[in-house]
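# Summary of structural features
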Amino acid sequence: MNATKASAKKGTLQLDQKRLDAAKRSLDKGAVVPDSGPYREDIIRLLNDSLATELVCILRYKRHHYTATGLESPAIAEEFLVHANEEQAHADRIAARIVQLGGEPDFNPESLTKRSHAEYNEQLDLHEMIRSNLIAERVAIEAYTQMIELIGDKDHTTRRLIEQILEQEQEHADELSDWMKKAS
């Protein structure tokens, strides 16, 4: 029973002492408390799919960084590298959260593209690189938005993490959209 349900029965807001006592045990589990909820496995699965998405995006951005050519390419290629590094930071934070929840981050290269929400591609045309990265960022935005809705109040820490990543993905999409307009 969570504190909100307990308070509804008693008519006051108060913490659940049994849950506080349970948090004092199983210290080897770190941040995972005994009542981490029935959604923990689902949240770990969602996070592992997001981890796959971030890893595919890192690889796509890195490829585009190294293969971008053309008059405008040096500045855009550098931004592709900046985005790749920011996606790497997202992946690291997601993997750390999976471990905090008692799960294992799935870095299996054989299943990355199957689990990823975004696609990897080998475009060589600069405009198509920008376009494919914008599509991937928009897909990530939609996936993270849905995750926030699904997680709701089931896991506040994961929700905040996803909200922070979503904010940066929106910045990436805005930048890519601006580049598309300039490249047209």
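Residues numbered from 1 in each chain as written. Predicted model: local features only at pLDDT ≥ 70, side-chain atom pairs only at ≥ 80, totals over all residues. Heavy atoms only, no water.

Orientation of helix 4 (residues 73-100) relative to helix 6 (residues 126-151), taken along the N-to-C sense of each, is 25 degrees, at an axis distance of 12 Å. By the angle class used here, helix 4 and helix 6 are roughly parallel. Note that helix 4 runs across helix 6; the crossing there is left-handed. Facing helix 4, whose interface residues are Ser-73, Ile-76, Phe-80, His-83, Glu-87 and Ile-94, helix 6 presents Leu-126, Met-129, Ile-130, Asn-133, Glu-137 and Tyr-144. (Axes fitted to C-alpha atoms, helices over the stretch in contact; angles between N-to-C directions. Helix = DSSP H or I, 4+ residues; strand = E, 2+ residues; numbered from the N terminus. Parallel < 35°, antiparallel > 145°, perpendicular 65-115°, else oblique. Left-handed = near helix turned anticlockwise from the far one by under 90°. Contact = heavy atoms within 4.5 Å.)

Before going further, it helps to spend a moment on the side chain of Arg-115. Considering the arrangement of structural elements, one finds Arg-115 in helix 5 (residues 112-115). Exposure remark for Arg-115: the relative accessible area of 17% places this residue in the buried category. At 3.0 Å, the side chain of Arg-115 forms a polar contact with the side chain of Ser-111. Leaving out residues up to four positions away in the same chain, Arg-115 has contacts with Asn-48, Asp-49, Ala-52, Thr-53, Asp-106 and Asn-108. (Buried < 20%, exposed > 50% of the residue type's maximum accessible area, 1.4 Å probe, protein only. Polar contact = N/O pair within 3.5 Å; in protein donor to acceptor, adjacent residues only side chain to side chain.)

So, on to the packing of aromatic side chains. On inspection of all chains with the given rule, the structure shows two aromatic pairs. With centroids separated by 6.0 Å and ring planes inclined at 45 degrees, the aromatic side chains of Tyr-61 and Phe-80 adopt a geometry described as tilted. Residue Tyr-61 is found in helix 3 (residues 40-67), and its partner Phe-80 is found in helix 4; the two are separated by 19 residues along the sequence. We note that Tyr-61, like Phe-80, is buried. For the pair Phe-80 and Trp-179, a centre-to-centre distance of 6.0 Å together with 70 degrees between the ring planes defines the contact as edge-to-face. (Phe/Tyr/Trp six-rings, centres within 6.5 Å; stacked < 30°, edge-to-face > 60°.)

Core analysis: the largest hydrophobic core is formed by 39 residues, its most contacted members being Leu-47, Phe-80, Ile-130 and Tyr-144. Those elements giving two or more residues to this core turn out to be helix 3, helix 4, helix 6 and helix 7 (156-183). (Core = buried A, V, L, I, M, F, W, Y, C linked by side-chain atoms within 4.5 Å.)

Moving on, we get to a negative patch on the surface. Side chains of Glu-167, Glu-171, Asp-174 and Asp-178 sit close together on the surface and give a patch of like negative charge. Look at Glu-167 and you get partly exposed, because its relative accessible area is 46%. (Patch = residues over 30% accessible without salt bridge, like charges linked within 9 Å, V, L, I, M, F, W, Y side chains within 5 Å. Areas by Shrake-Rupley, 256 points an atom, 1.4 Å probe, with all protein chains shown as cover. Salt bridge = Lys/Arg side-chain N within 4 Å of Asp/Glu carboxyl O. Lys, Arg positive; Asp, Glu negative; His and termini not counted. Charge placed at Lys NZ, Arg CZ, Asp CG, Glu CD.)

Taking 1.5 Å per residue, 28 residues should reach 40 Å; helix 7 reaches 41 Å between its end C-alpha atoms and fits that length. Turning to helix 7, its buried residues number three or more, namely Thr-158, Arg-159, Leu-161, Ile-162, Ile-165, Leu-166, Glu-169, His-172, Ala-173, Leu-176, Trp-179 and Met-180. Looking at the packing, one finds that the buried side of helix 7 touches helix 3, helix 4 and helix 6. The opening residue of helix 7 is Asp-155, an N-cap whose side-chain oxygen sits 3.3 Å from the backbone nitrogen of Thr-157. (Expected span 1.5 Å × (residues − 1).)

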